[in-house]
Every structure is written in structure tokens, then in C-alpha cells.
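Geometric and topological summary
Listed here are the chains, written in short residue letters.
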Amino acid sequence: MDSFREQLLILLGTPFYISIIGLERILSTKRHILLHTLKDTLTNIYLMILNSLLDLVFRAVYLVILGYFYQHRVIEFHTVILYWLILVLLEDFLYYWLHRFDHEIRLFWAVHVTHHSSEKMNFTVGFRSSVFQPLYRFFYFIPLALLGFRPVDIVFIYSATQIWGIFVHTELINKMGWLEYVFVTPSHHRVHHSSNPKYLDKNMGMFLIIWDKLFGTFQEELPASVYQPKQYGLTIPLENDNPGNIIFHEWKSIWQDIQRKDIEWKDKIQYVIGPPGWSHDGSRLTSGQLKAKESGEGDTNKDTAYNAQIT
């Protein structure tokens with residue numbers, strides 16, 4: 001049954017992906033909009049394959065760990081509909097915090113930065129995976145196992161909501177009416193991928209936008225007449241966008257920072273677990289500092305940050 005559901009997702013998801021990507025290419029060509037490049041698309045596929053292979057290899061490990069906590073669960077569900085509704089809600093809530101910490105802690109940003117390195121916004125960017133995230137993502141879902149949700153169901157719902165996560169990576173879908181108030185939409189996610197200061201570290205949700213509105217990370221997409229046009233990618237574009245550097249460039253930067261001889265140990269630690277963009281001498285700016293600079297308020301460390309945008 002469990003493998004059947006996984007196969008069903010693949011069977012349903014694959015033609016869906018092919019259809020929307022093909023339609024997007026046709027419409028963008030018809031409108032003379034350059035949404036895709038061959039190199040960017042191939043990079044997206046390359047990162048997706050690496051992420052999928054790592055997840056497949058590591059799945060046996062994290063399912064065993066989640067299974068251990070499920071064996072010590074504190075709740076038993078007896079209503080099927082309630083079980084699945086609560087699982088979707090709680091898993092999306094926990095993913096929000098996973099995603100937010102990926103933005104706020106440089107160590108995790110070094111993993112997640114790959115997803116934000118594209119300067120395009122199209123459906124294939126949804127496949128531009130954070131390659132090493134499967135190695136720690138399951139930690140966030142341990143509370144679900146303790147609450148009585150089966151590990152295979154946790155993995156299934158994560159995979160299912162990822163289908164929606166692919167859908168929101170596009171420039172061709174504008175506002176979606178009442179859905180904008182509840183769900184993450186393409187409009188919301190364009191903000192998330194934008195490297196404009198006002199948009200940094202906003203709209204972290206994957207399926208529901210309510211978490212961003214509850215926890216202060218929501219930002220509406222503004223028309224170009226109100227705010228500057230969106231720029232996608234990193235606040236500091238990569239000088240070398242070869243496949244290896246896309247994955248490891250932030251790790252290299254962290255290593256260079258902690259190898260400095262002119263800083264104390266507390267600074268070395270901050271370079272690893274502090275917000276991306278933090279620097280001991282102010283030579284780089286966090287997202288909060290970039291926002292303050294744009295608004296003319298001067299430096300601030302109050303907001304979350306990073307050197308290369310996310311995402």
C-alpha cells in the first residue's frame with residue numbers, strides 16, 4: 001500500500017510537471033518572454049537528481065529514526081479524515097520553520113542557497129533542490145511521529161505538498177483571488193525568490209501562507225509602480241556557476257571565514273551559525289541591514305539575514 005501511494009504520486013506528478021512546463025514554454029515563447037535557458041534548466045535537473053538520489057539512499061535511515069519515535073507515540077488517531085487533515089497542517093507548519101531556519105542560520109543556508117541561485121523564475125526552478133537537505137530535514141518531523149503519525153505517511157504528505165511547491169515557481173500566473181489569503185501562490189513565491197531588499201526572507205511557507213502571516217514573514221508582491229521590479233537569484237551573483245560551485249560555494253566561503261587569523265572564536269562560531277551575510281567588520285550585510293539601508297534607517301541586526309539571498 002505504501003509503495004503504491006509513492007508510485008501513484010509519481011504517475012500523477014510526472015505528467016503534471018511535463019504539462020505545465022511545456023505550457024509555460026509555449027506561452028513564454030508566444031509572449032516573447034525569456035523564462036528559460038538551456039543551461040539553467042539542465043542545472044535544475046542536475047540538482048534535482050542529486051537530491052533525489054541522496055534522499056533515496058538516506059531514506060532507510062530516517063524512516064528507522066522516525067519509526068523509533070512513532071513506537072513511543074503519545075497519541076492514537078481513530079478518525080481517518082482528522083488524521084490526514086492534522087498531518088497536512090502540522091507538517092506544513094514544521095516545514096515553515098525548517099525553511100525559515102534555512103534562511104536564518106548560515107550553516108543551513110549553505111545547503112539551501114542552491115535553490116535560490118537561479119536568476120530565472122519558472123516551473124523547472126522548483127526542481128532546483130537543496131541537495132543535502134534530506135540529511136537533516138527529518139529532524140523537524142520527529143514531533144509528528146511522536147504525535148502518532150506513521151513515518152511513511154509523513155514522507156507521503158511531504159512529497160504530495162511538494163507538487164504544489166513546484167506549481168508556485170512561475171511568472172505567468174498572476175494573483176489567484178481568495179487563494180491568496182490561505183495558500184502559497186506564485187505571487188507569494190516570486191517575492192520569496194526575489195533578491196530585492198524588501199523581499200528578502202519573506203513568504204517561507206510551502207503550501208499554506210497562513211504561517212507567514214502569523215509569524216511576521218509575509219510580504220505581498222508589489223506592482224513595479226510601487227516598488228522596484230523583482231530581481232531573482234542571489235544578492236551577490238555567483239562569479240562561477242559551474243555545477244560544483246553552485247552546491248559548495250557557500251561552504252567554501254564559510255571555511256575561508258573561520259580560517260581568518262584576525263578574529264576570535266566567538267566570531268568564528270557566528271560565521272557558522274549566525275545569519276547569512278553577518279560579518280565581524282561590517283564588510284558584508286545581512287538581509288536586515290540591506291532592508292535598513294534601502295529604507296534609510298542605517299544598520300540593524302534585528303532581522304534575519306544573508307549574504308546571498310534566499311528561498
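Residues numbered from 1 in each chain as written. Predicted model: local features only at pLDDT ≥ 70, side-chain atom pairs only at ≥ 80, totals over all residues. Heavy atoms only, no water.

In terms of regular secondary structure, the chain is built from 11 helices and 0 strands. Beginning at the N terminus, the succession of helices and strands in the chain can be written as α-α-α-α-α-α-α-α-α-α-α. A globule of 311 residues ought to have a C-alpha radius of gyration of about 19 Å, and the chain, at 20 Å, matches this closely. Taken along the three principal axes of its C-alpha coordinates, the chain extends 55 × 55 × 35 Å. With the model as given, the accessible surface of the chain reaches about 15,500 Å², and the carbon-plus-sulfur share is 66%. In the chain, 28 side chains carry a positive charge and 30 a negative one; their mean positions are 2 Å apart. (Helix = DSSP H or I, 4+ residues; strand = E, 2+ residues; numbered from the N terminus. Rg over C-alpha atoms; globule rule 2.2 N^0.38 Å. Areas by Shrake-Rupley, 256 points an atom, 1.4 Å probe, with all protein chains shown as cover. Lys, Arg positive; Asp, Glu negative; His and termini not counted. Charge placed at Lys NZ, Arg CZ, Asp CG, Glu CD.)

In this structure, Tyr62, Leu66, Leu87, Phe141, Leu144, Phe149 and Ile154 are the most contacted members of the largest nonpolar core, which totals 24 residues. Taken together, the elements giving at least two residues each to this core come down to helix H2 (38-71), helix H3 (80-104), helix H5 (142-146) and helix H6 (151-167). Residues contacting Phe141, with those up to four places away along its chain left out, are Leu66, Glu91, Leu94, Tyr95, Ile154 and Tyr158. (Core = buried A, V, L, I, M, F, W, Y, C linked by side-chain atoms within 4.5 Å. Buried < 20%, exposed > 50% of the residue type's maximum accessible area, 1.4 Å probe, protein only. Contact = heavy atoms within 4.5 Å.)

What follows deals with unusual backbone geometry. Even without glycine at this site, His32 takes up a positive phi of about 60°. Secondary-structure assignment places His32 in the loop between helix H1 (2-30) and H2. Notably, Asn203 is not glycine yet its phi reads approximately 55°, a positive angle. Mapping Asn203 onto the fold places it in the loop between helix H7 (186-193) and helix H8 (210-215). Assessed through its relative accessible area of 1%, Asn203 is described here as buried.

Another aspect to go through is the environment of Met176. Structurally, Met176 can be placed in the loop between H6 and H7. Residue class for Met176 comes out partly exposed when judged on its relative accessible area of 21%. Once the C-alpha coordinates of Met176 and Lys252 are considered, the two residues, 76 residues apart in sequence, prove to be 41 Å apart. In contact with Met176, not counting residues within four places along its chain, are Phe167, Thr185 and Pro186.

For any two aromatic rings, the description comes down to two numbers: the centre-to-centre distance and the angle of the planes. Evaluation of the coordinates by the stated rule reveals 30 aromatic pairs. Look at Tyr17 and Phe127: their rings are 5.0 Å apart centre to centre, the planes differ by 90°, and that puts the pair in the edge-to-face class. You can see Tyr17 sitting in helix H1 and its partner Phe127 sitting in the loop between helix H4 (106-112) and H5, a full 110 residues away along the chain. For the pair Tyr17 and Phe127, one class covers both residues: buried. (Phe/Tyr/Trp six-rings, centres within 6.5 Å; stacked < 30°, edge-to-face > 60°.)

Another point: the side chain of His193. Secondary-structure assignment places His193 in helix H7. For His193, the side chain forms a polar contact with the side chain of His115, separated by 3.2 Å. (Polar contact = N/O pair within 3.5 Å; in protein donor to acceptor, adjacent residues only side chain to side chain.)

This part covers the environment of Lys198. Examined against the element boundaries, Lys198 turns out to sit in the loop between H7 and H8. Looking at Lys198, the relative accessible area reads 33%, which means it is partly exposed. Distance from Lys198 to Glu104, taken between C-alpha atoms, is 16 Å for residues 94 residues apart in sequence. Leave out the neighbours within four places in its chain, and Lys198 touches Gln219, Leu222, Tyr227, Lys291 and Glu294.

We now examine the pattern of salt bridges. Under the defined criterion, the tally for this structure stands at 15 salt bridges. Between Arg73 and Glu76 there is a salt bridge whose closest N-O contact spans 2.7 Å. A relative accessible area of 48% places Glu76 in the partly exposed class. The shortest N-O distance in the salt bridge between Lys175 and Glu220 comes to 3.6 Å. Remark: Glu220 occurs in the loop between H8 and helix H9 (243-258) and Lys175 occurs in the loop between H6 and H7; sequence separation between them is 45 residues. Accessibility expressed as a relative area gives 40% for Lys175, which makes it partly exposed. Through salt bridges that share partners, Arg106, Glu250, Asp257 and Arg284 make up one connected network. (Salt bridge = Lys/Arg side-chain N within 4 Å of Asp/Glu carboxyl O.)

A few words now on the side chain of Glu24. Counting through the fold element by element, Glu24 comes out in helix H1. Of the side chains with opposite charge, Arg25 comes closest to the buried, unpaired Glu24, at an N-O distance of 7.3 Å. A distance of 3.0 Å separates the side chain of Glu24 from the backbone nitrogen of Phe123, its partner in a polar contact. Among residues more than four places away in sequence, those in contact with Glu24 are Leu35, His36, Met121, Asn122, Phe123, His169, Thr170, Glu171 and Leu172.

Attention shifts here to the confidence of the model for the chain. The predicted model of the chain has a mean per-residue pLDDT of 91, with 91% of residues at 70 or higher. In this model residues 299-311 is a low-confidence stretch, pLDDT under 50, and it forms 64 contacts with partners more than four residues away in sequence or in other chains. (pLDDT = per-residue confidence, 0-100.)

The subject of this paragraph is a nonpolar patch on the surface. A contiguous nonpolar patch, built from Leu38, Leu42, Ile45, Ile49 and Leu53 and spanning about 490 Å² of accessible area, is present on the exposed surface. Take Ile45: its relative accessible area is 39%, and that puts it in the partly exposed class. (Patch = residues over 30% accessible without salt bridge, like charges linked within 9 Å, V, L, I, M, F, W, Y side chains within 5 Å.)

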